[in-house]
Amino acid sequence: MTCPRRCARPRGRLRDPRLAVDPLGLRRRDRGHAAAALSIPAGVVLLIAAPLLIIAIGVTQSWAYALLALLAFLSMFRNPLRYLWARLRGQKPELPK
């Protein structure tokens, strides 16, 4: 696909690929390295950030929206929260295989 002015370069591509800004290297073929360098699963980030976001929802919107968000959070992280609660009580729960 070429640009409407009939120029030779394809639409959406840079003339010199070295000029592209890509600090994490996500355009390379080995995309797994950039994600592995962070080594924090997205679920863990959401597990940590969700209570803060729910409090922010409660403060800025209303307690009803915060309650709905809390119920959604508890539903979504039901098993990880059970596991963490058992670990805090000193038990060694089995992980499902």
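Residues numbered from 1 in each chain as written. Predicted model: local features only at pLDDT ≥ 70, side-chain atom pairs only at ≥ 80, totals over all residues. Heavy atoms only, no water.

A few points about the overall build of the protein
Here is step 1: Counting its regular elements, the protein contains four helices and zero strands.
Here is step 2: Put simply, the protein runs from its N terminus to its C terminus through helices and strands in the order α-α-α-α.
Here is step 3: The buried share among the 97 residues of the protein stands at 10%.
Here is step 4: Carbon together with sulfur atoms contributes 64% to the accessible area of the protein, which is approximately 9000 Å² in total. (Helix = DSSP H or I, 4+ residues; strand = E, 2+ residues; numbered from the N terminus. Buried < 20%, exposed > 50% of the residue type's maximum accessible area, 1.4 Å probe, protein only. Areas by Shrake-Rupley, 256 points an atom, 1.4 Å probe, with all protein chains shown as cover.)

Considering the environment of Glu-94
Here is step 1: Among the structural elements, Glu-94 can be located in the segment after helix 4 (78-88).
Here is step 2: The exposure class assigned to Glu-94 is exposed, which follows from its relative accessible area of 77%.
Here is step 3: Counting along the chain gives 11 residues from Glu-94 to Tyr-83, while the straight-line C-alpha distance between them is 8.7 Å.

Observations concerning the packing of aromatic side chains
Here is step 1: All told, the structure shown has one aromatic pair when counted by the stated rule.
Here is step 2: Ring centres of Phe-73 and Phe-77 lie 5.2 Å apart, and the angle between their planes is 50 degrees; this geometry places the pair in the tilted category.
Here is step 3: Overall, Phe-77 belongs to the buried group, its relative accessible area being 9%. (Phe/Tyr/Trp six-rings, centres within 6.5 Å; stacked < 30°, edge-to-face > 60°.)

Things to note about a nonpolar patch on the surface
Here is step 1: A cluster of nonpolar residues, Trp-63, Tyr-65, Leu-67, Leu-68, Leu-70, Leu-71 and Leu-74, forms a patch on the protein surface that exposes about 770 Å² of accessible area.
Here is step 2: Relative to the assigned elements, Leu-67 resides in helix 3 (residues 63-76).
Here is step 3: On the accessibility criterion, Leu-67 (42% relative accessible area) is partly exposed. (Patch = residues over 30% accessible without salt bridge, like charges linked within 9 Å, V, L, I, M, F, W, Y side chains within 5 Å. Salt bridge = Lys/Arg side-chain N within 4 Å of Asp/Glu carboxyl O.)

Notes on the packing of helix 2 (residues 42-60) against helix 3
Here is step 1: Packing of helix 2 against helix 3 leaves a shortest axis separation of 8 Å and a crossing angle of 165 degrees. With respect to helix 3, the axis of helix 2 lies roughly antiparallel. Crossing angle aside, the handedness with which helix 2 passes helix 3 is left-handed. In this structure, helix 2 uses Leu-46, Leu-47, Ala-50, Pro-51, Ile-54, Ile-57 and Gly-58 to contact helix 3, whose residues at the interface are Trp-63, Tyr-65, Ala-66, Ala-69, Leu-70, Phe-73 and Met-76. (Axes fitted to C-alpha atoms, helices over the stretch in contact; angles between N-to-C directions. Parallel < 35°, antiparallel > 145°, perpendicular 65-115°, else oblique. Left-handed = near helix turned anticlockwise from the far one by under 90°. Contact = heavy atoms within 4.5 Å.)

Comments concerning the nonpolar core
Here is step 1: Core analysis: the biggest nonpolar cluster contains six residues, these being Ala-50, Ile-54, Ala-66, Ala-69, Phe-73 and Phe-77.
Here is step 2: Breaking this core down by element, the ones donating at least two residues are helix 2 and helix 3.
Here is step 3: Of the residues forming this core, the biggest block, three residues, is contributed by helix 3.
Here is step 4: With near-sequence residues (within four places) excluded, Phe-73 lies in contact with Leu-46, Leu-47, Ala-50, Pro-51, Ile-54 and Leu-81. (Core = buried A, V, L, I, M, F, W, Y, C linked by side-chain atoms within 4.5 Å.)

Topic: the confidence of the model for the protein
Here is step 1: On average, residues of the protein score 78 in pLDDT, and 61% of them are at 70 or above.
Here is step 2: Taken element by element, the predicted model of the protein shows its lowest mean pLDDT in helix 1 (residues 32-38) (56) and its highest in helix 3 (96). (pLDDT = per-residue confidence, 0-100.)

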